[in-house]
Amino acid sequence: MNRITKIVASASIAIVSATIGTSVYAGEVLQRVLDAKTLKVAVGTDWGPISSLNANHELEGYDIDVAKGLAKYLGVKAEFVTPGWDLIVAGNWQGRWDIGMGQMTPTTERAEKLDFSENYYFGHVVAVVPTDSKAKELSDLNGAIVGVTTSTLEEQYLNQTLTPNWIGAKPIEFKFKAGQVKAYPSANIAFDDLRLGNGIRLNAVVTDQESAATAIKSGYPVRVLGTLFSAPGAISMMKGDKELQEKISAAIKSMKDDGTLSKISMKWYGADNSVDK
């Protein structure tokens, strides 16, 4: 074999090796998950039926069951971590977890820091008032003190800065103008203030319908006044690992196709929120 032939052969081997390596070796995060046989999932401990601690201090909820389904699809186990919501949406996870749950709406603003899966949830945002409130319609909350979870679309809605920029979004109608917006780390803490009675600390809380239903079921003296808007939820990942993004989306599609996602939704919500209605 002469020198030129050797060079051509070496180049050919390098190309083949690179091709094989590309097809076998996953993206950095996905490969880490596969190597460790563990999918680290960021969830909340007080997000109602989304994810929360039960009486045995074990995590349960829609997101917990979905995450376990994702891990099963990948052939790994699910391991849960519980950072604050603000840390999940901020990005820059530095490998502390692989995916973020919480039914995050995949807006273009968030997409600057995070990648998103196919939508796995569709929910409604509602206004909740104490049972002793005289409010009969949403416009009665004009000038009210309203609580909301920080760094959410609900907070943007109350500040009237929300511009729906997700696929299939409908124009947003601001149905009232709050006099004061009070941001809380979680909806549970906001409900603790609301349950004290109308106007003592809050006049209303704006949150997802599931958190509202959980508060009512738990005996909080509150009621839903009306629906403000609807939005999809997706699973978040750090930007740049296309392979992980595709695998997670494929897992969600598989769970939709075989009815698993619908069953999980019915279990926790009594309705199929896995599809847009």
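We now turn to the structure provided with this report. Every value quoted in this text rests on a predicted model; they were computed, and no experiment measured them.

1. What about the overall build of the protein?
On a plain count of helices and strands, the protein comes out with nine helices and eleven strands. For the protein, the proportion of its 277 residues judged to be buried stands at 46%. At a minimum sequence separation of 6, the contacts of the protein that also span at least 24 residues come to 72%. The distance from the centre of the 29 positive side-chain charges to the centre of the 31 negative ones in the protein is 3 Å.

2. Quick look at helix α6 (residues 187–194)
Buried within α6 we find Ala 187, Ala 190, Phe 191, Asp 193 and Leu 194. When α6 is viewed along its axis, its buried side chains cluster within an angular range of 155 degrees and face the same direction. Buried residues along α6 sit in contact with β7 (121–130), β8 (145–149), β9 (180–184), β10 (204–208), α7 (209–217) and β11 (222–238).

3. What about the packing of aromatic side chains?
Any pair of aromatic rings gets described here by the distance separating the centres and the angle formed by the planes. Applying the stated rule across the entire model yields nine aromatic pairs. Centre to centre, the rings of Phe 191 and Tyr 220 are 6.3 Å apart; their planes meet at 75 degrees, and the pair counts as edge-to-face. Remark: Tyr 220 occurs in the loop between α7 and β11 and Phe 191 occurs in helix α6; sequence separation between them is 29 residues. Tyr 220 shares its class with Phe 191; the two are buried. Aromatic ring contacts, followed pair by pair, group Tyr 62, Tyr 120, Tyr 121 and Tyr 269 into a single cluster. Over the aromatic face of Tyr 220 sits the side chain of Arg 195, whose NZ or CZ is 4.0 Å from the ring centroid.

4. Here's the deal with the packing of helix α8 (residues 242–257) against helix α9 (residues 260–269)
Direction vectors running N to C along α8 and α9 enclose 75 degrees, while the axes themselves pass 4 Å from each other. Taken together, the axes of α8 and α9 lie roughly perpendicular to each other. Every residue of α9 that contacts α8 at Ile 252, Met 255 and Lys 256 is listed here: Thr 260, Leu 261 and Ile 264. Counted by class, the contact of α8 with α9 contains four nonpolar, one polar and one charged residues.

5. Structural notes on the pattern of salt bridges
Applying the stated criterion across every chain yields a total of seven salt bridges. Between Lys 267 and Asp 65 there is a salt bridge, with the nearest N and O atoms lying 2.9 Å from each other. Pair noted here: Lys 267 is in helix α9 and Asp 65 is in helix α3 (residues 62–74), with a separation of 202 residues, a long-range link. Looking at Lys 267, the relative accessible area reads 56%, which means it is exposed.

6. Remarks on the pairing of strand β5 (residues 99–104)
One face of the sheet, then the other: side chains in a regular strand alternate in exactly this way. Counting buried positions over the six residues of β5 gives six, a clear majority of the element. Of the two faces of β5, the one holding Ile 99, Met 101 and Gln 103 and the one holding Gly 100, Gly 102 and Met 104 are both buried throughout. Across two bridges, the pairing between strand β1 (residues 38–42) and β5 is parallel. Looking at the pairing, Val 41 lines up with Ile 99 of β5.

7. Description of the side chain of Thr 152
Of note, Thr 152 is situated in the loop between β8 and α5 (153–158). By relative accessible area, which is 8% here, Thr 152 ends up buried. Thr 152 has contacts with Trp 85 and Arg 110, leaving out every residue within four places of it along the chain.

8. A few points about the pairing of β8
Counting buried positions over the five residues of β8 gives four, a clear majority of the element. Both β8 and β9 contribute to a ladder of five bridges, which runs parallel. What sits directly across from Ile 145, in β9, is Gln 180. Read from β8 through α5 to β9, the crossover connection turns out right-handed.

Conventions we followed
- Residues numbered from 1 in each chain as written.
- Predicted model: local features only at pLDDT ≥ 70, side-chain atom pairs only at ≥ 80, totals over all residues.
- Heavy atoms only, no water.
- Helix = DSSP H or I, 4+ residues; strand = E, 2+ residues; numbered from the N terminus.
- Buried < 20%, exposed > 50% of the residue type's maximum accessible area, 1.4 Å probe, protein only.
- Contact = heavy atoms within 4.5 Å.
- Lys, Arg positive; Asp, Glu negative; His and termini not counted.
- Charge placed at Lys NZ, Arg CZ, Asp CG, Glu CD.
- Arc of directions from axis to C-beta.
- Phe/Tyr/Trp six-rings, centres within 6.5 Å; stacked < 30°, edge-to-face > 60°.
- Lys NZ or Arg CZ within 6 Å of the ring centre and 35° of its normal.
- Axes fitted to C-alpha atoms, helices over the stretch in contact; angles between N-to-C directions.
- Parallel < 35°, antiparallel > 145°, perpendicular 65-115°, else oblique.
- Nonpolar A, V, L, I, M, F, W, Y, C, P; charged D, E, K, R; others polar.
- Salt bridge = Lys/Arg side-chain N within 4 Å of Asp/Glu carboxyl O.
- Pairing = 2+ DSSP bridges.
- Right-handed = clockwise from strand over helix to strand, strands pointing away.

Such coordinate-based values are descriptive only and should not be taken to indicate function.
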